[in-house]
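# Descriptive structure summary
Okay, here's what each chain looks like letter by letter:
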Amino acid sequence: MSEENYLMENGAEHTERCTQALLEIQSLDEQIKLFGVFDENLDILQAETHTRISAAADCIKVEGAPENVDLCATVLEKLLQMLRKGEPINRSRIRYAVDLAKEGNADMIEQIMGDVIAITNRGRQIKCKTLGQKRYVQALKEYELVFGVGPAGTGKTYLAVAMAVLAFKNKDVDRIILTRPAVEAGEKLGFLPGDLQNKVDPYLRPLHDALNDFLGNETYRSLVERGSVEVAPLAYMRGRTLNNAYIILDEAQNCTIEQMKMFLTRFGEGSRVVVTGDITQIDLAQDRKSGLIHALSVLEGIEGIAQVMLTYKDVVRHDLVQRIIRAYERRKG
């Protein structure tokens, strides 16, 4: 953005109270990583903070209204710290950092750099990317029963699977059990082709994929054959007592009250349970109340149970997903 356009967009009154800040940059490579491909990171930061940013020799210059310059400089310092610790910078992280700084929580930006939670079969490090995710993972470490509730893309299921695999590898549990109700957007199992396994597999595919990511295909198949890993519809849990297992109930918003009570009374000694769901995406018939919503109310404040609520700010998919979720929330309100 040229200086002429900046002044035109921000008004003549800013010419009198415009200020600037200079931040040291260590190398051209660091500047390139910070600014992004075709300066896309720079464009987002300028738009979010209403400032003008430019490179000057071995530093970055920020210009604009004093309060905006302070905001932008603070965020830039935190982003540079992230880069210097090997953390990638992208559009989603920039917007999240700006939001935290606007709320007066700039110091918390560093907390999203946290420790590695797990490593995938391909060697990719899994870390928390938002404070909401950090609270969620902490709850998974501390509580025997955790409810993780939030919109799609917040990592509810993926992080739970990561913690389950970690617990299994550390021999804290003997088995991993992943389950979800076979209810989806108006389709009924009876109308789908194939035998029962063919009918339920599409509903369980996201769980299979997550386990494959951490275990690798061969190890995953071997563990399934040995009974150490089980991925099954919720109906298969009835009548069982599940000891020494890490149990994840996914898409729990589609459980009935009866199904939820059945599930929550299955786990036994040495087990940990995670219940994930999105209460804005309920596919049950209108006359059926969600067992997840009911359980959150009934179990609120019960010792040993954690309820972690994630929001659109915790979405770690494409940053456009955040805006879509936010738009639906505003329309609902």
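Residues numbered from 1 in each chain as written. Predicted model: local features only at pLDDT ≥ 70, side-chain atom pairs only at ≥ 80, totals over all residues. Heavy atoms only, no water.

## Some words on the confidence of the model for the protein chain
Keep in mind that low pLDDT regions are not for reading the predicted coordinates in detail. Rules: pLDDT: the predictor's confidence for each residue, scored from 0 to 100. For this analysis, residues touch if any pair of their heavy atoms sits within 4.5 Å.
Looking at the protein chain, the pLDDT average stands at 84 and 85% of residues meet or exceed 70. Contacts for the low-pLDDT stretch residues 1–16, under 50 throughout, to residues beyond four places or in other chains number 15 contacts. Every residue in residues 185–196 is under pLDDT 50, and counting partners more than four places away or in other chains gives 14 contacts.

## Observations regarding the side chain of Asn 41
To keep things clear, this is the line we draw: In DSSP terms, a helix is any run of H or I states spanning at least four residues, a strand is any run of E spanning at least two, and both are numbered starting from the N terminus. To sort residues, take the accessible area from a 1.4 Å probe on protein chains only and compare it with the maximum for the residue type: under 20% means buried, over 50% means exposed, and anything in between is partly exposed. In protein, a polar contact means a hydrogen-donor-capable atom and an acceptor-capable atom, both N or O and within 3.5 Å, with residues adjacent in sequence counting only if both atoms are side-chain atoms; elsewhere, any N or O pair within 3.5 Å suffices.
Locating Asn 41 in the fold gives a position in helix H4 (residues 40–49). Overall, Asn 41 belongs to the buried group, its relative accessible area being 4%. At 3.2 Å, the side chain of Asn 41 forms a polar contact with the backbone oxygen of Leu 34. For Asn 41, the residues in contact, after removing those within four places along its chain, are Lys 33, Leu 34, Phe 35, Gly 36, Ile 89, Asn 90, Arg 91 and Ile 94.

## Remarks on the nonpolar core
Side chains of a nonpolar character, in soluble globular proteins, are inclined to be buried together. Filter applied, for reference: For the purposes of this section, nonpolar cores are sets of buried Ala, Val, Leu, Ile, Met, Phe, Trp, Tyr and Cys residues that join through side-chain atoms within 4.5 Å.
Tyr 136, Val 161, Ile 176, Leu 178, Leu 211, Tyr 246 and Ile 248 are the most contacted members of the largest nonpolar core, which has 37 residues in total. Broken down by element, this core gets its largest block of residues, 9 residues, from helix H8 (residues 156–169). Residues within four places of Ile 176 in sequence aside, it is in contact with Ala 164, Val 165, Phe 168, Leu 211, Ser 228, Val 229, Glu 230 and Tyr 246. Core analysis: the second largest hydrophobic core is formed by 32 residues, Ile 44, Ala 73, Ile 94 and Leu 100 among them.

## Observations concerning the side chain of Arg 180
Inspection of the secondary structure assignment puts Arg 180 in strand E7 (residues 175–180). The exposure class of Arg 180 is buried, given its relative accessible area of 4%.

## Quick look at the packing of aromatic side chains
Spelled out, the test is: Only rings of Phe, Tyr and Trp enter the pairing, Trp through its six-membered ring, and a pair is recorded when the two centres are within 6.5 Å. The plane angle decides the type: under 30 degrees is stacked, over 60 is edge-to-face, the rest tilted.
As enumerated under the stated definition, the model contains 1 aromatic pair in all. Residues Tyr 158 and Phe 214 carry aromatic rings whose centres are separated by 5.0 Å and whose planes lie at 40 degrees to one another, so their mutual orientation is tilted. With Tyr 158 in helix H8 and Phe 214 in helix H9 (residues 196–215), the pair connects residues that are 56 residues apart, well separated along the chain.

## Thoughts on a nonpolar patch on the surface
Just so we agree on the cut-off: Every patch collects residues that have over 30% relative accessible area and no salt bridge, joining them within 9 Å if they carry like charges and within 5 Å if they are nonpolar side chains (Val, Leu, Ile, Met, Phe, Trp, Tyr). Shrake-Rupley sampling with a 1.4 Å probe provides the accessible areas, and residues are treated as covered by the protein chains on show and by no other component. Salt bridges are counted wherever a side-chain nitrogen of Lys or Arg sits within 4 Å of a carboxyl oxygen of Asp or Glu.
A contiguous nonpolar patch, built from Ile 279, Ile 282 and Ile 293 and spanning about 200 Å² of accessible area, is present on the exposed surface. The exposure class of Ile 279 is partly exposed, given its relative accessible area of 37%.

## Some remarks on the packing of helix H5 (residues 66–84) against helix H6 (residues 91–102)
Threshold: Axes, fitted as lines to C-alpha atoms, cover a helix only where it is in contact. Angles between the N-to-C directions of the axes lie from 0 to 180 degrees. When an angle is under 35 degrees it counts as roughly parallel; over 145 it counts as roughly antiparallel; between 65 and 115 it counts as roughly perpendicular; any other value is oblique. Here is the rule for handedness: rotate from the far helix to the near one, and if that takes an anticlockwise turn smaller than a right angle the crossing is left-handed, while a clockwise turn gives right-handed.
Two elements in contact, H5 and H6, have axes separated by 10 Å at closest approach and are oriented at 130 degrees. Classed by the angle they form, the pair H5 and H6 counts as oblique. The two elements H5 and H6 cross, and the hand of that crossing is right-handed. Within the contact between the two elements, H5 uses Leu 71, Val 75, Leu 79 and Met 82 and H6 uses Arg 93, Ile 94, Ala 97, Val 98, Ala 101 and Lys 102.

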